[in-house]
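Here's the letter readout for the chains.
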Amino acid sequence: MNLEALNKVAEAMVAPGRGILAADESSGTIAKRFDAIGVPSTADTRRDYREMMFRTHEAMSKHISGVILYDETIRQNAKDGTPLVKLIEKAGSLPGIKVDKGTKALPFCPGEVITEGLDGLRERLVEYRGLGAKFAKWRAVIDIGQEHGQPSYTCVNANAHALARYAALCQDEGIVPIVEPEVLMDGGHDIDRCLEVTQWVLKETFQALFFNRVALEGMVLKPNMTVPGKKSAKRASVEEVAEKTLRVLKACVPAAVPGIAFLSGGQSDEEATAHLDAMNRMGPLPWHLTFSYGRALQHAPQKAWSGKSENVAAAQRAFNHRAMMNGLASLGQWKADLERKAA
Ligand code: 13P
């Protein structure tokens, strides 16, 4: 393993002022997003939409350190024939690839899932590396259920093990793993239950990484923030989310990890930015804290675009704005009135 090279990529992914664009929605998920804006999901519309973002020069060159792609996208060309990967590279950003194959029901654990995709992963990593991928992503999903005492030990342990097997394979093939154990914000649990479960999940994950000999200097962690469930009546302030998220991370994430890039998980665009900003204001911290947002970076541009070529400039402005706001939040320099000014 060339740990120096892996560490260089990991550091670039979490460089101050920059973060990751998660554009790796599976064909099923992007179809749902397109449905909401009345756009049919075809290989061409998916290409046009993603090309629009990758050609947003200011966002891509100043605020987006890397882009997570889906299998279809890493093989696609822009309308003029340029590979989409080349557009990303030309902007000075790093191409990455989602390599998990989604979730399946976990036997005897009602309501819980295991992420699949380890079989044949080494060969796929070799291929993706050839297509330009510098990093990869694997997402484990943990649901805080109300009915069956979820999460179960079985689910937390099996998912941590799969994440660690994936991460070790990535590093062995010269690819930086994004390790993403996502505790969902679905449900009615309060913030303290999220804190408890996230802490357990991260402890198990780092133990599995250790047993699988993963080098922490050559990875990026992508966790959920510590937030109340969407249906919880007990809401939490920005300060409470920031303070409790940092409390969990400090208890669980060794300082050898170069950076932590959060998922947005269903938070509103502005909440996701405000929370990241508040945490960075509470520094100094042992790791870089930034974003790896899907929805919280793409809601606004998706709506502005709505599948029409005449809307591309407006959509690019919307994307640039969110990328800039989150870039500032990664430095602890965001202000709410910057949002008002743009509106
Ligand atoms: P969200 O920011 O929309 O949660 O997506 C991030 C991601 O990559 C989930 O795997």
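Look a little higher up for the structure.
Here goes a summary of the coordinates provided.

Another aspect to go through is the pattern of salt bridges. On inspection of all chains with the given rule, the structure shows 29 salt bridges. One salt bridge in this structure joins Asp-24 and Lys-137, with 2.7 Å as the shortest N-O distance. With Asp-24 in the loop between strand S1 (19-22) and helix H2 (27-36) and Lys-137 in strand S6 (residues 135-142), this residue pair connects regions lying 113 residues apart in the sequence. Residue classification places Asp-24 among the buried positions, given a relative accessible area of 5%. Where Lys-137 meets Glu-180, a salt bridge forms, and the shortest distance between an N and an O atom there is 3.5 Å. You can see Lys-137 sitting in strand S6 and its partner Glu-180 sitting in strand S7 (residues 176-183), a full 43 residues away along the chain. The burial state of Lys-137 is the same as that of Glu-180; both residues are buried. Sharing partners across several salt bridges, the network here consists of Asp-24, Lys-98, Lys-137, Arg-139, Glu-180 and Glu-182.

Now for the packing of helix H11 (residues 269-281) against helix H13 (residues 312-329). Running from N to C, H11 and H13 point in directions that differ by 20 degrees, and their axes come no closer than 8 Å. Relative to H13, the element H11 is oriented roughly parallel. Of the residues in H13, those in contact with Asp-269, Glu-270, Thr-273, Leu-276, Asp-277 and Asn-280 of H11 are Arg-322, Met-325, Asn-326, Leu-328 and Ala-329. Looking at the contact of H11 with H13 residue by residue, the classes come out as 4 nonpolar, 3 polar and 4 charged.

Analysis parameters
- The residue numbers shown here count from 1 along each chain, following its written sequence.
- Local features in this predicted model are restricted to residues whose pLDDT is 70 or higher, and side-chain atom pairs enter the listing and the counts only when it is 80 or higher, whereas totals over whole chains, interfaces and linings include all residues.
- With hydrogens and water excluded, all non-hydrogen atoms of the structure serve as input to the side-chain values.
- A carboxyl oxygen of Asp or Glu within 4 Å of a side-chain nitrogen of Lys or Arg is what we treat as a salt bridge.
- Helix numbering and strand numbering both begin at the N terminus, where a helix is a DSSP run of H or I of at least 4 residues and a strand a DSSP run of E of at least 2.
- Residue burial is assigned from relative accessible area. The probe radius is 1.4 Å, only protein chains are included, and a residue is buried under 20% of its type maximum, exposed over 50%, and partly exposed in between.
- Each axis is a line fitted through C-alpha atoms, and for a helix only the stretch in contact is used; angles between axes span 0 to 180 degrees, taken between their N-to-C directions.
- In what follows, roughly perpendicular refers to angles from 65 to 115 degrees, roughly parallel to angles under 35, roughly antiparallel to angles over 145, and oblique to any angle outside these ranges.
- Pairs of residues are marked as contacts when any of their non-hydrogen atoms sit within 4.5 Å.
- In the scheme used here, Gly and all other residues not listed as nonpolar or charged are polar, with Ala, Val, Leu, Ile, Met, Phe, Trp, Tyr, Cys and Pro taken as nonpolar and Asp, Glu, Lys and Arg as charged.

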